[in-house]
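# Survey of secondary and tertiary structure
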Amino acid sequence: ALRVYRRASEGDSAKVANALSGLGTALYQQGLQDRAMRKMEEAYEMFRRLFGDDHEQVATLLNNMALVLRSQGRGAESLAMQEKALDIGRRILGSDHDDISRSLGNLGMLYAEQGMFAEAIARYEEGLSIVRRNHAERNAQEGQILAGLGDVYRVQGKVVDALGMYKKALRIFR
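Figured I'd write up the structure that's included with this text. (Residues numbered from 1 in each chain as written. Predicted model: local features only at pLDDT ≥ 70, side-chain atom pairs only at ≥ 80, totals over all residues. Heavy atoms only, no water.)

## Digging into the pattern of salt bridges
Enumeration over the complete set of coordinates arrives at 12 salt bridges. Close ionic contact of E45 with R48 constitutes a salt bridge, the shortest N to O distance being 3.2 Å. Within this pair, E45 and its partner R48 are both found in helix α3 (residues 33–51), separated by 3 residues, close to a single helical turn. A salt bridge links R154 to D151; the nearest nitrogen and oxygen atoms lie 3.8 Å apart. Residue R154 and its partner D151 are located together in helix α8 (residues 140–155), separated by 3 residues, close to a single helical turn. (Salt bridge = Lys/Arg side-chain N within 4 Å of Asp/Glu carboxyl O. Helix = DSSP H or I, 4+ residues; strand = E, 2+ residues; numbered from the N terminus.)

Here it is in structure tokens:
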């Protein structure tokens, strides 16, 4: 499909960029990170040329490339890319959107993996406040964030705090 789209279009095209993005994702799922990253980078640059920096597809590609970097053990680069995607998301969707909460939860996990616990807790707490503002009822996203906070507290040796978070998450999931 990619060859057909490239032949049929003059220069950059959203169809070509989407095909490159899909190919990159498929390569990533097959464990071919280097090849996946090259396709994703090509799609990212094409989307930027087509739509500018503040576009949903640009942010999505940054998130996907961050996953590849994380799987390659390049946590710091992954974090920077994820933060950039979050900034774009805030500009496009606003700061109180559920997708922003999910991005903050992902960042919390990445910061925790890097041993940056204060940053992890800050991202989780910001995401949690968004979820609670947006949803009167408890939901799975709130439970996931609480469990993530529990993980951070557990790793820090704050067992009582960790247990409290895990219990709150469990009540939501039941």
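After presenting the structure, the write-up continues.
## Describing helix α9 (residues 159–173)
Spanning 15 residues, α9 covers 21 Å between terminal C-alpha atoms, matching the ideal 21 Å at 1.5 Å per step. Turning to α9, its buried residues number three or more, namely A162, M165, A169 and I172. Across the axial projection of α9, the buried residues extend over an arc of 85°, all falling on one side. Among the exposed residues of α9, those pointing more than 90 degrees away from its buried face are V159, V160, K167 and R171. (Expected span 1.5 Å × (residues − 1). Buried < 20%, exposed > 50% of the residue type's maximum accessible area, 1.4 Å probe, protein only. Arc of directions from axis to C-beta.)

## Some words on helix α2 (residues 14–29)
Taking 1.5 Å per residue, 16 residues should reach 22 Å; α2 reaches 22 Å between its end C-alpha atoms and fits that length. Of the residues that open α2, the one with a side-chain oxygen 3.1 Å from the backbone nitrogen of K15 is S13. Within two residues after α2, G31 carries a phi angle of roughly 85°, on the positive side. (Polar contact = N/O pair within 3.5 Å; in protein donor to acceptor, adjacent residues only side chain to side chain.)

## Considering the packing of α2 against α3
For the pair α2 and α3, the least separation of the axes is 8 Å and the interaxial angle reads 155°. As the angle between them shows, α2 and α3 are arranged roughly antiparallel. Judged by the sense of rotation from one axis to the other, the crossing of α2 with α3 is left-handed. Contacts between α2 and α3 involve A14, V16, A17, N18, L20, S21, L23, G24, T25, L27 and Y28 from the former and Q33, R35, A36, K39, M40, E42, A43, M46, F47, L50 and F51 from the latter. Looking at the contact of α2 with α3 residue by residue, the classes come out as 14 nonpolar, 5 polar and 3 charged. (Axes fitted to C-alpha atoms, helices over the stretch in contact; angles between N-to-C directions. Parallel < 35°, antiparallel > 145°, perpendicular 65-115°, else oblique. Left-handed = near helix turned anticlockwise from the far one by under 90°. Contact = heavy atoms within 4.5 Å. Nonpolar A, V, L, I, M, F, W, Y, C, P; charged D, E, K, R; others polar.)

## Structural notes on the nonpolar core
I145, L146, L149 and Y153 are the most contacted members of the largest nonpolar core, which has 22 residues in total. Secondary-structure elements contributing two or more residues to this core are α5 (75–93), α6 (98–113), α7 (117–134), α8 and α9. Here the element with the most residues in this core is α7; it accounts for 6 residues. In contact with L146, other than residues within four places in its own chain, are L128, R132, M165, K168, A169 and I172. Counting 20 residues, the second-largest nonpolar core is a separate cluster that includes M37, L62, A66 and M81. (Core = buried A, V, L, I, M, F, W, Y, C linked by side-chain atoms within 4.5 Å.)

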